[in-house]
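Here is what each chain is made of, one letter per residue.
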Amino acid sequence: MGELATTTMYVLWAAAIVLFGVLEAVTAQLVSIWFMIGSIGAFIAALCGGTFKTQMIVFLAITVLALAVTRPLVKKYIKPKIERTNADRVINQTGVVVEEINNLSATGQVKVDGKLWTARSDNNSIIPCDSLVTIKEIQGVKLIVTTNNN
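Reference entry: report on the structure contained in this document. (Residues numbered from 1 in each chain as written. Predicted model: local features only at pLDDT ≥ 70, side-chain atom pairs only at ≥ 80, totals over all residues. Heavy atoms only, no water.)

**Comments concerning the overall build of the protein**
Threshold: A run of DSSP states H or I qualifies as a helix once it reaches four residues; a run of E qualifies as a strand once it reaches two. Both are numbered from the N-terminal end. Residue exposure (1.4 Å probe, protein chains only): buried if accessible area is under 20% of the type maximum, exposed if over 50%, otherwise partly exposed. Two residues qualify as a contact provided that any one of their heavy atoms is within 4.5 Å of a heavy atom in the partner residue. For accessible areas, the Shrake-Rupley method is used with a probe of radius 1.4 Å. Any residue's cover is judged against the shown protein chains and nothing else.
Each helix and strand in the protein was counted, giving three helices and five strands. Secondary structure of the protein in N-to-C order comes out as α-α-α-β-β-β-β-β. The buried share of the protein, reckoned over its 150 residues, is 28%. Considering only residue pairs separated by 6 or more positions, the protein has 48% of its internal contacts joining residues 24 or more positions apart. When the accessible surface of the protein is split by element, carbon and sulfur atoms take 65% of a total near 9,800 Å².

**Some words on the sheet that holds strand β5 (residues 142-147)**
To keep it simple, the criterion reads: DSSP bridges decide pairing: two strands pair if at least two such bridges lie between them. Whenever a helix is involved, its axis is fitted only over the stretch in contact; in every case the axis is a line through C-alpha atoms, and angles between N-to-C directions fall within 0 to 180 degrees.
Spatially, β1-β2-β3-β5-β4 is the arrangement adopted by the five strands of the closed barrel, whose pairing is mixed. On average, adjacent strands in this sheet sit at an angle of 50° to one another, irrespective of strand direction. Bridge analysis of strand β1 (residues 94-102) against strand β4 (residues 132-139) gives three bridges, and the strand direction is antiparallel. Residue pairing for β4: Thr 94 is matched across the bridge by Thr 134.

**Here we look at unusual backbone geometry**
With phi around 75°, Asn 92 is a residue other than glycine that occupies positive phi space. Tracing the backbone shows Asn 92 in the loop between α3 (52-77) and β1. Taking relative accessible area as the criterion, Asn 92 reaches 57% and is therefore assigned exposed. Although it is not a glycine, Ala 106 adopts a positive phi angle of roughly 55°.

**With respect to the packing of aromatic side chains**
Short version of the rule: Between rings of Phe, Tyr and Trp, where Trp is taken as its six-membered ring, a pair exists when centres lie within 6.5 Å; planes separated by under 30 degrees are stacked, by over 60 edge-to-face, and by other angles tilted.
The full count for this structure, using the stated rule, is three aromatic pairs. Plain terms: the ring middles of Trp 13 and Phe 59 are 5.3 Å apart, the flat faces sit at 35° to each other, and that makes the pair tilted. Taken together, the residues span a long stretch of sequence, with Trp 13 in helix α1 (residues 3-27) and Phe 59 in helix α3 at a distance of 46 residues. In terms of burial, Trp 13 and Phe 59 fall into one category: buried.

**Let's talk about the pairing of β1**
When β1 meets strand β2 (residues 107-112), the two strands line up antiparallel, connected through four bridges. Of the residues in β2, the one forming a bridge with Glu 99 is Gln 109. Here β1 folds back onto β2 in antiparallel fashion, the turn holding four residues, of which Ala 106 has a positive phi close to 55°.

**Quick look at the side chain of Ser 121**
Worth spelling out the cut-off: Nitrogen and oxygen atoms within 3.5 Å of one another constitute a polar contact, given that in protein one can donate a hydrogen and the other can accept it, and given that sequence-neighbouring residues count only through two side-chain atoms.
Relative to the assigned elements, Ser 121 resides in strand β3 (residues 115-121). By relative accessible area, which is 5% here, Ser 121 ends up buried. A polar contact is formed between the side chain of Ser 121 and the backbone nitrogen of Asn 124, at a distance of 3.4 Å. A polar contact of 3.2 Å, which involves the side chain of Ser 121, links it to the backbone nitrogen of Ser 125. Once residues lying within four places of it in the same chain are set aside, the contact partners of Ser 121 are Ile 101, Asn 103, Ile 127, Ile 144 and Val 145.

**Thoughts on the environment of Asp 113**
As for its position among the elements, Asp 113 is in the loop between β2 and β3. Residue Asp 113 is classed as partly exposed on the basis of its relative accessible area, which comes to 36%. Distance in space between the C-alpha atoms of Asp 113 and Gly 95 is 7.7 Å, their sequence separation being 18 residues. In this view, Asp 113 contacts Arg 89, Val 90 and Gln 93; residues no more than four positions away in its chain are not counted.

Have a look at this one:
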């Protein structure tokens, strides 16, 4: 490989290190740190006179290895904080349909625990007014319900 090509590879890998580092700093989500580590390995391979193919293999191998080693640790120690609310207390309770539930037309309301909720059927069936339903889950601010005559 010529001197110009070698210099170009140094610059390419140095730019990749900086780019992935900046991307990591901006996102703070651990999405590019592994690529940065792989780029450092490839930069070292370039300094040692490795071919472009060797540099790419080093880049990919180190990136995958870093991901495989650190990702489980990151998932174990950085857990999203789930804020529990009392809304989940309506799950498995019985409610009364006060507005026909029709998933296709995006309509439906259920009264449960003295409160009105937007509701959707769990199986896309139309549930008429005054039907009794069981709350299966909450998705956002909507109850997912099933009819009690199953």
